[in-house]
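Architecture and fold: a report
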Amino acid sequence: IWLGDSDQGYRTVFPNQNPDGRTGADAIAPDDPLVQFLQSHPYFYVKDKEPDKAWQAVMETKEGALADLALVLTAPLFIGDQLIGLIGLGPEFTGNRYGHDDFDLLTAIGTQAASALMAVRMAEKLAAARERQAWDKLSAFVLHDIKNAANMLSLARENAPDHIRNPQFQQDLLEAVD
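Residues numbered from 1 in each chain as written. Predicted model: local features only at pLDDT ≥ 70, side-chain atom pairs only at ≥ 80, totals over all residues. Heavy atoms only, no water.

Remarks on the overall build of the chain
Looking only at helices and strands, one finds four helices and six strands in the chain. In the chain, the succession of α and β elements from N to C terminus is β-β-β-α-β-α-β-β-α-α. The C-alpha atoms of the chain give 31 Å as radius of gyration, which overshoots the globular expectation for 178 residues (16 Å, by more than 25%). Taken along its principal axes, the extent of the C-alpha atoms in the chain is 100 × 30 × 25 Å. Per-residue burial over the chain gives 25% buried out of 178 residues. For the chain, the share of sequence-separated contacts (at least 6 apart) that also reach a separation of at least 24 residues comes to 49%. Roughly 12100 Å² of accessible area belongs to the chain as shown, and the carbon and sulfur atoms make up 56% of that amount. (Helix = DSSP H or I, 4+ residues; strand = E, 2+ residues; numbered from the N terminus. Rg over C-alpha atoms; globule rule 2.2 N^0.38 Å. Buried < 20%, exposed > 50% of the residue type's maximum accessible area, 1.4 Å probe, protein only. Contact = heavy atoms within 4.5 Å. Areas by Shrake-Rupley, 256 points an atom, 1.4 Å probe, with all protein chains shown as cover.)

The structure is reproduced here in structure tokens:
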């Protein structure tokens, strides 16, 4: 699984190695032929019988990387028209070819996964917005208190030349400074 966006590219969920320990491509650039292919196709299948030129471009640049990761089927994770990731599968466990039902299931899983990821991202953004709101409110209270203290000191400074010898003023001045 690779997650990301069309600006920064896509990074694997398991950096530097996949779950079975083999190393592979950690990042896929936004202009990678595989990404470009999946922008306009529901999946990329290594064993397609009648590949088009876009399919061939992916195989020319990614065949080794896909083989290293033992991936034969890759599908996009879309939210609306935004590609947020890719999901790859190894060979069909029975040894047969993947069929249209498999492609449809992978597309449905991809849609559900993308929706869940979007919900998590939205929850994170909401939490961050709430934290900023709480920080803004706290800083407004602190700033208000600092302004009040500064006003008290300013008034004491203005009145000091005229009242510095008054014991009550001296007491008030010390309280203001405290």
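Back to the write-up after that little detour.
Quick look at the environment of Met-59
By the element assignment, Met-59 lies in helix H2 (residues 53–68). Through-space distance from the C-alpha of Met-59 to that of Pro-33 is 8.8 Å; in sequence the pair is 26 residues apart. Residue contacts for Met-59: discarding those within four places in its chain leaves Phe-44 and Val-46.

Notes on the pairing of strand S5 (residues 73–79)
Counted residue by residue, S5 has six buried out of seven residues, so it is predominantly covered. As paired strands, strand S4 (residues 44–45) and S5 are joined by two bridges and run antiparallel to one another. By the bridge assignment for S5, Tyr-45 is matched with Leu-73. The sheet contact formed by S5 and strand S6 (residues 82–89) spans seven bridges and is antiparallel. Bridge assignment links Ala-75 to a residue of S6, and that residue is Ile-87. Counting the residues that bridge the hairpin from S5 to S6 gives two residues, and of these Gly-80 lies at a positive phi of roughly 65°. (Pairing = 2+ DSSP bridges.)

With respect to the nonpolar core
Core analysis: the biggest nonpolar cluster contains 16 residues, and Trp-2, Tyr-10, Ile-28, Phe-44 and Leu-86 have the highest contact counts within it. Mapped by element, the contributors of at least two residues to this core are helix H1 (33–40), H2 and S6. Counting 13 residues, the second-largest nonpolar core is a separate cluster that includes Tyr-43, Leu-77, Tyr-98 and Leu-106. (Core = buried A, V, L, I, M, F, W, Y, C linked by side-chain atoms within 4.5 Å.)

What about a nonpolar patch on the surface?
On the surface, a cluster of nonpolar side chains totalling about 430 Å² of accessible area is made up of Trp-135, Leu-138, Val-142 and Ile-146. Mapping Val-142 onto the fold places it in helix H3 (residues 100–163). For Val-142, a relative accessible area of 43% gives the class partly exposed. (Patch = residues over 30% accessible without salt bridge, like charges linked within 9 Å, V, L, I, M, F, W, Y side chains within 5 Å. Salt bridge = Lys/Arg side-chain N within 4 Å of Asp/Glu carboxyl O.)

A short note on the sheet that holds strand S2 (residues 9–12)
Read from one edge of the open sheet, six strands run S3-S2-S1-S6-S5-S4, paired in antiparallel fashion. A strand with exactly one partner marks an edge of an open sheet, and here the two such strands are strand S3 (27–28) and S4. The sheet contact formed by strand S1 (residues 2–5) and S6 spans two bridges and is antiparallel. Bridge pairing in S6 links Trp-2 to Leu-86. Packed on one face of the sheet, H1 meets S2, S3, S4, S5 and S6 and runs near 65° to S5. (Axes fitted to C-alpha atoms, helices over the stretch in contact; angles between N-to-C directions.)

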